[in-house]
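Given next are the chains, with one letter for each unit.
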Amino acid sequence: MTSEMKKFAHWNFSLEKDNYCWLTIDVAEKSTNVLTREVLDELREIIPVIEQQKPQALLFQSSKANGFIAGADISSFTTITSQEEALHLIRQGQDIFTMIENLPFATISLINGFCLGGGLELALACDYRIAVDEPKTKIGLPEVKLGIHPGFGGTVRLIQLIGAPAALPLLLSGKILAARQAAKLGIVTHAVPPRLLRSAARKTLAKGQKHTRKILPKLADAALARPLVAALARKKLKQKVNQTHYPAPFALLDLWEKYGGSPTTMMEQEAQSVSKLIRTPTAQNLIRVFQLQEKLKALPADTTFAPRHVHVIGAGVMGGDIAAWCALQGFTVSIQDNSHTILAKTVQRAAALFQQKLRAPHLVKAVLDRFIPDINGACIPKADVIIEAIFEDVNAKKELFVALEPQIRPDTLLATNTSSIPLETLAADLNNPERLVGLHFFNPVAKMMLVEVVSTSYVEETDVLKAVSFTKKIGKLPLPVHSSPGFLINRILMPYLHEAALLEAEGVPPLAIDQAAEQFGMPVGPIELMDLVGLDICQSVAEFMTVDPTMKMPENLQKLLDQGRLGKKSGAGYYTYKRGKPDKPSIDKKTSLPGDIADRLILRLVNESVACLREKVVADGDLLDAGMIFGTGFAPFRGGVVHYMHDQSPAALLSKMQQLATQYGGRFTPDKGWQTI
Ligand code: NAI
């Protein structure tokens, strides 16, 4: 017998005959559970009601199949107007979780799917956590990625639970864990198959009543050890993260170093620290990045499109990796190339990726079983999606499409991964040119989230919607763009790389150029990026984009190419590579460096962005910003190129552009679009 006690809007609970109370979260009108103010207010109301019932144990669970709780309501972070307001909200959250922690009976969270941020903080306030061991379970405190750190007691409780040496790397990086990893670290009590979730929870509860949180055995030493551990962690962090751009992880370390000896004080200071961080431009811009990602995920798509078989033609760097990625996402994939040797190598490379991502032999075998080398293209008629990824050669691609057209079904999505050839050119000889779309992936495919969905004015809208839908289904972020040389991302990136090549040719040390860009917030400097992309490719893309005559690469780049220095792939480009790492000669102290390196680089990129918006290569500034952040890593803490322009004031940037145009000539001439920015 189950007695239903009261139904709230977002929670409901029932006391079962064994006196276990089940509290189920099911946030109304949302597909995912998030801790909004209302949801937390209800929880505060419910806990004392449950306490009065004197159950033997309280079990938290979610009724949503996609997960337990994905975190706090991030959209509310942008409406906080003062530090006091932030502090008040954070303290309220802390108080509720402390109420749970202090309940006089055992508490346990049953975790399926997402258990992130505030969701894990709630689970950490319980005595036990049981997680479902399946790939969609994701456990972590990723707050630093939003420019803050956990504020509902998570910083304190995670460190208490597993100790600083294990907890700090997770908190400082925002790393997300699978169920088994979380169990290994002691964050969850057990990781179990889905069917055993409830029985595992009951068994855990049956083993003991209220479990006393173990204070780390070495806590006594911690006061002495903390400054040392914090100093080491800070040193390591500084090698990866710029403190001025990303203050949150450093604030977290300070918090632990100063107050780690007293959980109560640390809790108070945790709230103070987050209330300050949340209003910083970095946090507000990182929250914007999160929202841009959600915007891409929510773009209109053909939800009825249900592809199962993907056929990729060209098993080189891109085709091989696209095929492997699609197989990993559950698709049956056939991969075609006119070379047996290349196909064999591609299967090996794919197997290595499957092994790295899936580990379990039965899962690796299952995905390999649906990865089909297909030298003759026998699978073409079966394919729901066909992606062409052969050499960047106009005639070879055109011939291929003409040969393909009669073999494919009318409902099949036909796409090219070309990085520079206009769709109009590629589709020119087709009977139905309107069905060819671009699906432009970025290298390396397994890491880069963005896919440009390229169309022309005559491409069928239904095909664009199918392409967006497919991109989402393979777990990537779709960015609809209009066909133009270089599409959106390469087109904006190219002037920036061009300026870097010019600076280098003027004698500015490569390291100084890279440092200026990294100081601005780019993940990799432009010189190193050119080496990564390949200097031959940079040269040919620049040539292809010579609609702009100012874009000609300097002689110096050609000289490097003549010496066989093609970049990282040949072991040398601008830099020489040792075991895959660039050897960057230090800058002679006597060298006088120009003061405008960063301005020259960034304003070229900004000006091209303005041109793309004016030409409507992309629908709006938000989408442009999303594309540049997810396609190139453009300084996330700045919130995107267009956001940066508005932050700096377009008038101020325009005046800098005009100065640079006077000094360096036409390539800095402000685009006409500045008038409407
Ligand atoms: P790749 O040179 O590594 O591979 C091309 C493959 O196509 C080779 O294995 C070749 O044997 C095969 N091939 C050529 N003609 C064929 C045909 N008629 N039928 C079957 N197979 C054929 O080239 P990569 O770098 O993978 O580039 C492929 C496409 O992806 C190009 O259009 C390129 O612009 C685009 N792309 C490249 C990126 C990169 O970073 N490499 C990034 C984004 C797009």
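Residues numbered from 1 in each chain as written. Predicted model: local features only at pLDDT ≥ 70, side-chain atom pairs only at ≥ 80, totals over all residues. Heavy atoms only, no water.

Bringing the pairing of strand β8 (residues 128–132) into the picture now. With five of its five residues buried, β8 lies for the most part within the structure. Neither face of β8 is exposed, since Tyr128, Ile130 and Val132 on one face and Arg129 and Ala131 on the opposite face are all buried. Taken together, the four bridges between strand β6 (residues 106–111) and β8 define a ladder with parallel strand orientation. Bridge pairing links Ile108 to Tyr128 in β8. Inspection of the sheet shows β8 paired to strand β11 (residues 190–192) by three bridges, in the parallel sense. Bridging across to β11, Ile130 finds its partner in His190. (Buried < 20%, exposed > 50% of the residue type's maximum accessible area, 1.4 Å probe, protein only. Helix = DSSP H or I, 4+ residues; strand = E, 2+ residues; numbered from the N terminus. Pairing = 2+ DSSP bridges.)

Now for a positive patch on the surface. A contiguous patch of positive charge on the surface is contributed by Lys357, Lys447, Lys568 and Lys581. Tracing the backbone shows Lys568 in the loop between α22 (555–562) and β20 (576–578). Judged by relative accessible area, Lys568 falls into the partly exposed class, the value being 35%. (Patch = residues over 30% accessible without salt bridge, like charges linked within 9 Å, V, L, I, M, F, W, Y side chains within 5 Å. Areas by Shrake-Rupley, 256 points an atom, 1.4 Å probe, with all protein chains shown as cover. Salt bridge = Lys/Arg side-chain N within 4 Å of Asp/Glu carboxyl O. Lys, Arg positive; Asp, Glu negative; His and termini not counted. Charge placed at Lys NZ, Arg CZ, Asp CG, Glu CD.)

We now examine α22. Among the residues of α22, Leu557, Leu560 and Leu561 are the ones counted as buried. One face of α22 carries all of its buried residues, which in axial projection span an arc of 100°. Among the exposed residues of α22, those pointing more than 90 degrees away from its buried face are Glu555 and Asp562. On its buried face, α22 sits against α20 (526–533) and α21 (535–544). Where α22 ends, the next residue or the one after it, Gly564, has phi of about 80°, a positive value. (Arc of directions from axis to C-beta. Contact = heavy atoms within 4.5 Å.)

Moving on to the sheet that holds strand β9 (residues 138–140). Ordered by their spatial adjacency, four strands build an open sheet running β5-β7-β9-β10, and the pairing between neighbours is mixed. The open sheet has two edge strands with one neighbour each: β5 (67–69) and β10 (176–177). Here β9 pairs with β10 via two bridges, running antiparallel. Looking at the pairing, Gly140 lines up with Ile176 of β10.

Glancing now at the nonpolar core. Phe470, Leu488, Met530 and Leu624 are the most contacted members of the largest nonpolar core, which has 127 residues in total. Residue assignment places this core across two domains, with domain 2 (309–487) and domain 3 (490–676) each supplying three or more. Residue contacts for Met530: discarding those within four places in its chain leaves Leu497, Ala500, Ala501, Leu535, Cys538, Leu557 and Tyr574. Listed in part, the 79 residues of the second largest apolar core include Leu43, Ile90, Val144 and Ile278. (Core = buried A, V, L, I, M, F, W, Y, C linked by side-chain atoms within 4.5 Å. Domains from an automatic or database assignment.)

Glancing now at the sheet that holds strand β14 (residues 371–373). In a beta sheet, neighbouring strands are held together by backbone hydrogen bonds and run either parallel or antiparallel to one another. Taken together, eight strands build an open sheet; the order of strands is β14-β13-β12-β15-β16-β17-β18-β19 and the sheet is mixed. Pairing within the sheet leaves two strands with one partner each, and these edge strands are β14 and β19 (477–482). Going across the sheet, the axis of each strand differs from the next one's by a mean of 25°, ignoring polarity. Note: strand β15 (residues 385–388) against strand β16 (residues 413–416), four bridges, orientation parallel. When the bridges of β16 are listed, Ile386 appears paired with Leu414. Contacts between helix α13 (residues 340–358) and the sheet are confined to β13 (332–336) and β14, with β14 contributing the most and set at about 170° to the helix. (Axes fitted to C-alpha atoms, helices over the stretch in contact; angles between N-to-C directions.)

Right, let's get into the domain arrangement of the protein. With domains assigned, the protein is organised as domain 1 (2–279), domain 2 (309–487) and domain 3 (490–676). Using only C-alpha atoms to locate each centre, domain 1 and domain 2 end up separated by 41 Å.

Here we take up the environment of Val39. By the secondary structure assignment, Val39 is in helix α1 (residues 37–53). Between the C-alpha atoms of Val39 and Leu653, which are 614 residues apart in sequence, the distance is 44 Å. Aside from chain neighbours lying at most four places away, what touches Val39 is His10, Trp11, Ile25, Val27 and Val34.

On to the site of the ligand, then. Lining the immediate surroundings of the ligand are 20 residues, of which Met318, Asp337, Glu392, Lys397 and Ser419 lie closest. Glu392 places a side-chain nitrogen or oxygen 2.5 Å from an oxygen atom of the ligand. Here Ser419 contributes a side-chain N or O atom positioned 2.6 Å from an oxygen atom of the ligand. A total of 840 Å² of accessible area belongs to the ligand in isolation, and the protein chains cover 81% of it. Those elements that place two or more of their residues in the shell around the ligand are α12 (317–328) and β17 (436–441). Of the residues contributing to the shell around the ligand, the split by class is nine nonpolar, eight polar and three charged. (Near = heavy atom within 4 Å. Polar contact = N/O pair within 3.5 Å; in protein donor to acceptor, adjacent residues only side chain to side chain. Nonpolar A, V, L, I, M, F, W, Y, C, P; charged D, E, K, R; others polar.)

What follows covers the state of the cysteines. Taken as a whole, this structure holds zero disulfides when the rule is applied. Cysteine Cys126 shares no disulfide, and the gap to the nearest cysteine sulfur, in Cys115, comes to 9.6 Å. For Cys126, a relative accessible area of 0% gives the class buried. Of the cysteine sulfurs around Cys538, a residue in no disulfide, the closest is that of Cys612, at 18 Å. Under the relative-accessibility criterion, Cys538 is labelled buried at 2%. (Disulfide = S-S within 2.5 Å.)

Here we come to the pairing of strand β2 (residues 11–16). Counting buried residues in β2 gives six out of six residues, a clear majority hidden from the surface. Side-chain alternation along β2 places Trp11, Phe13 and Leu15 on one buried face and Asn12, Ser14 and Glu16 on a second face that is also buried. Sheet topology places β2 next to strand β3 (residues 20–25); five bridges connect them, and they run antiparallel. Looking at the pairing, Trp11 lines up with Ile25 of β3. The hairpin turn running from β2 into β3, its antiparallel successor, is three residues long, and Asn19 in that turn takes a positive phi close to 70°.

Inspection of every chain in the model, using the stated rule, returns nine aromatic pairs. Considering the side-chain rings of Trp11 and Phe60, the 6.3 Å spacing of their centres and the 75° angle between planes classify their relative orientation as edge-to-face. With Trp11 in strand β2 and Phe60 in strand β4 (residues 57–62), this residue pair connects regions lying 49 residues apart in the sequence. Judged by relative accessible area, Trp11 falls into the buried class, the value being 1%. Ring geometry for Phe354 against Phe371: centres 5.8 Å apart, planes inclined by 80°, an arrangement best described as edge-to-face. Of this pair, Phe354 sits in helix α13 while Phe371 sits in strand β14, and the two are 17 residues apart along the sequence. Its relative accessible area of 4% is what places Phe371 among the buried residues. Through pairs of rings, three or more aromatic residues link up here, namely Phe520, Phe634 and Tyr644. The ring of Trp22 has Arg198 sitting right over it, with the charged end atom 3.8 Å from the ring centre. If you follow Arg638 out to its NZ or CZ, it ends over the ring of Phe520, 4.0 Å from the centre. (Phe/Tyr/Trp six-rings, centres within 6.5 Å; stacked < 30°, edge-to-face > 60°. Lys NZ or Arg CZ within 6 Å of the ring centre and 35° of its normal.)

As a further point, take a nonpolar patch on the surface. Nonpolar side chains collect at one region of the surface, where Leu532, Val533 and Ile537 lie side by side and expose about 230 Å² of accessible area between them. Along the chain, Ile537 turns up in helix α21. On the basis of relative accessibility, which here comes to 37%, the residue Ile537 falls in the partly exposed class.

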